[in-house]
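Residue-level structure breakdown
So you can see what is in the structure, the chains are spelled out below.
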Amino acid sequence: MWVLLVLSLLTLAYLFWHKTKGSGAKHPKSLPCLPLVGSLPFLPRHGHQHVNFFKLQEKYGPIYSFRLGSKTTVIIGNHQLAREVLLKKGKEFSGRSKVVTLDILSDNQKGIAFADHGALWQLHRKLALNTFALFKDGNLKLEKIINKEAAVLCDYLATRHGESIDLAEHLSLAVTNIICFICFNFSFKNDDPALKALHNLNFGILEALSQEIWSDRFPGMKIFPSKAVEKIKSCVRMRNELLREILEKRKESFTSDSITNMLDVLIQAKMNADNNNAGLDQDSKLLSDRHMLATIVDIFGAGVETTASVIKWIVAFLLHHPLLKKRIQDDIDQNIGFNREPALSDRNCLVLLEATIREVLRIRPVSPMLIPHKTVVDSSIGNLIIDKDTDVVVNLWALHHSEEEWHRPDLFMPERFLDPTGTQLISPSLSYLPFGAGPRSCVGEMLARQELFLFTALLLQRFDLEIPDDGKLPSLEGNPSLVLQIDPFKVKIKVRQAWKEAQAEESTS
C-alpha cells in the first residue's frame, strides 16, 4: 500500500515538474513522458527511426521533443529551423553529448566528429581543414589521387568482364587508399591484407551500430553485457592498432621541410606547441599520440564507408533507371570520349550526372539524422526555449522528403536539379543539406563531392553496369547505422564495346 502511494506521489511530482519546468517559458511540444523510461513507450518500435520521426511531425509539428531518462532530445524537421540551429546559431548548438558507442569510437570524445565543443574540437577541425588545403595543386592534387585509385579499381573490374559481382569491397578498398594517402602519404597495394582488414573492421563496426544498443539511450545500462558493444570495442581496438602501426612508421620519416599529409600537419602542430611557436588555441596536451590517432580515425570513419556507400546507391539507382544511365553515358561519350579520363572541369558539361549524384544524396542521405548536436548554452529555436545540454537532432530525411519543398519527394527525379532546358544545374530548395552546414558541417565535403563525380564518371565511361542474369534489382530500402547503407547487391560488369574499340585503336596508332 505504502509502495503504491509513494510511486503515485513520485509520478505526480515528476509530471508536475516536467510540465511546469521553466515556468513562463515555452518549450517544444513533447511526447508523453513516464518516470524513469520517459517517452520510450510512446516512440515507434518498428521501422527506420528517421522515417518514424518524420511521421511524428504530422502530430507534433516540425519541432518537438521527447525524454529518455533525464535526457531531453529535440527533433527538427524543416529547413528554416534546421538552418537556425546549424548556421544562425551554429556555435550555440555545436556541442556533442556523451554516448556509449560514440565514446568507444572516439576514444572518449577525442578527434573531430564526436568531440564536444571546445578547444580540442576547434584545434583538430582546423588542422583537418589545413590538411585538405595541401591537396589543391600539383602532385598532391586531390583530383589526381582520386583518378589514380578509380583507374586501379576499373582495371580490376575489367578482369571481371561478364561476371556479376558485389562492388562493396572493391569500392571500399579504393576509397580507403585515397584516405591513406591524405593521412599518411602512402597507399596499400590491393592485395595487402592490412587493406582488407581495415575494410572488414569498418564493416563490422557499422554492422554492430545498426543494432539497437540500449546503453546509448540509457547510459546506466552499460553495466549489462551487450554483444554489439563488445563487437564495436573489438573492431575499434584492432582497427586502431593497425592504424597506430602505420602512424608510428610515418612519424619516423617526418621532416618539417616536407608537409604532405594529415599526420605531418598534426606532428608539426605538436612541435610548434612544444616550442611555444603556436597560437594560444594550440595546446600540446591536445596533440598527444592518442589525439592524433583519434583524428585520423575520424577521417577514415567519415571518409571511407560514406563515399563508398553513396557510390553503391548511385549504381543501384542507375540499375533501376537504365534509360538515365544511357543518357549519362551519351553525355560522357560526346563530351569526354575514350581517350582521356574524366576531370572535375567536366562537371560543367556532365550536368545530368551531377544532378543524378545530387538526387541520390537527397533521396538517400548519407546520415539521415546527422550526428546529434547539443546546446552549449541556454538558447532558442524560433520562439521556443532550448535549455543548455539539450540534444538537438536535425532530421535530414524530413528535410529531403518534405512535400512542401519537393515535388513528389519519394520519386527519384534527377531533373529536379536542372533548369527547364536541362543544361544548367539549379538549387531547387533550401531544404537540401546533404553534408550538414555551419560549424559542424562535414570537413570532407569537397573530397566526397570530387570522389562521387570522378568514380561514377569513370565507371560509366568504361563499363555497362547491368542487372545480373538472375534479374534481381537492388533493394532501395536501406539499412540505417551511422551511415545509411544499401543492402548487398550484385551488378553485372561489362566492358563497353566503344571503350574496347578506342583502346584497340590507340594501341595500333
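A few words now on empty space enclosed by the protein. Per the stated rule, a full pass over the model turns up one cavity of 30 Å³ or more. In this structure, the largest cavity spans a volume of roughly 930 Å³. A113, A302, T306, I371 and C442 are the residues nearest the centre of the largest cavity, which is lined by 47 residues in total. Sorting the residues of the lining of the largest cavity by element identifies α5 (119–133), α8 (193–209), α12 (289–303), α13 (305–320) and α17 (445–462) as the ones contributing at least two each. Sorting elements by how many residues they give to the lining of the largest cavity places α12 first, with seven residues.

Here three strands make up an open sheet; going across it, the order is β4-β12-β9 and the pairing antiparallel. Whereas interior strands pair on both sides, the edge strands pair on one side only; in this sheet they are β4 (164–165) and β9 (463–466).

Approximately 1,500 Å³ is the volume found for the largest pocket. Lining the largest pocket are 48 residues, and of these Q49, D216, R217, M369 and P372 lie nearest its centre. Mapped by element, the contributors of at least two residues to the lining of the largest pocket are α2 (49–60), β2 (63–68), β3 (71–76), α4 (100–105), α9 (214–217) and β8 (391–394). Top contributing element to the lining of the largest pocket by residue count: α2, with four residues. Taken together, the residues of the lining of the largest pocket break down into 22 nonpolar, 17 polar and nine charged.

The buried count for β2 comes to six of six residues, which makes it a mostly enclosed element. With burial as the criterion, each face of β2 is covered, one bearing I63, S65 and R67 and the other bearing Y64, F66 and L68. Relative to β2, strand β1 (residues 29–30) runs parallel, the two sharing two bridges. Across the sheet, S30 pairs through a bridge with S65, a residue of β2. Handedness of the β1-α2-β2 crossover: right-handed. Bridge count between β2 and β3: six bridges; the pairing is antiparallel. By the bridge assignment, I63 is partnered in β3 with I76.

Attention shifts here to the packing of helix α6 (residues 142–158) against helix α7 (residues 168–184). Remark: α6 packs on α7, axes separated minimally by 10 Å, with the N-to-C direction vectors making an angle of 155°. The orientation of α6 with respect to α7, classified from their angle, is roughly antiparallel. Crossing geometry of α6 relative to α7 is assigned as right-handed. Contacts between α6 and α7 pair L142, I145, I146, E149, L153 and Y156 from the former with H170, L171, A174, N177, I178, F181 and I182 from the latter. Of the residues in the contact of α6 with α7, the class split is 10 nonpolar, two polar and one charged.

About the thresholds
- What you see as residue numbers is a count from 1 along each chain, following the sequence as written.
- Local features in a predicted model are, by the rule used here, given only for residues with pLDDT of at least 70; side-chain atom pairs are given and counted only at 80 or more, and totals for whole chains, interfaces and linings are based on all residues.
- Values shown for side chains rest on all heavy atoms present in the structure; no hydrogens or waters enter the calculation.
- Cavities and pockets were defined on a 1 Å grid built from protein atoms only: a cavity is a group of points that admits a 1.4 Å probe but offers it no way out, a pocket is an open group of points flanked by protein on both sides within 12 Å along at least five of seven lines, and a lining residue is one with an atom within 4 Å of any such point.
- Grid points are joined across faces, edges and corners, and a volume is the space filled by probe spheres set on the points.
- Secondary structure elements are taken from DSSP: a helix is a run of H or I of four residues or more, a strand is a run of E of two residues or more, and numbering for both begins at the N terminus.
- Whether two strands pair comes down to DSSP finding at least two bridges between them.
- The classification used treats Ala, Val, Leu, Ile, Met, Phe, Trp, Tyr, Cys and Pro as nonpolar, Asp, Glu, Lys and Arg as charged, and all other residues, Gly among them, as polar.
- Any residue under 20% of the maximum accessible area for its type is buried, any over 50% is exposed, and the rest in between are partly exposed; the area is computed with a 1.4 Å probe on protein chains only.
- Look down the strands so they point away from you; if going from the first strand over the helix to the second traces a clockwise path, that crossover is right-handed.
- What counts as an axis is a line fitted to C-alpha atoms, over the stretch in contact for a helix, and the angles between N-to-C directions run from 0 to 180 degrees.
- Relative orientations are named as follows: roughly parallel for angles under 35 degrees, roughly antiparallel for angles over 145 degrees, roughly perpendicular for angles from 65 to 115 degrees, and oblique for any other angle.
- In this scheme the crossing of two helices becomes right-handed for a clockwise turn of the near helix relative to the far one and left-handed for an anticlockwise turn of less than a right angle.
- Every residue pair with non-hydrogen atoms within 4.5 Å of one another is taken to be in contact.

Bear in mind that shape data such as this cannot, by itself, settle questions of function.
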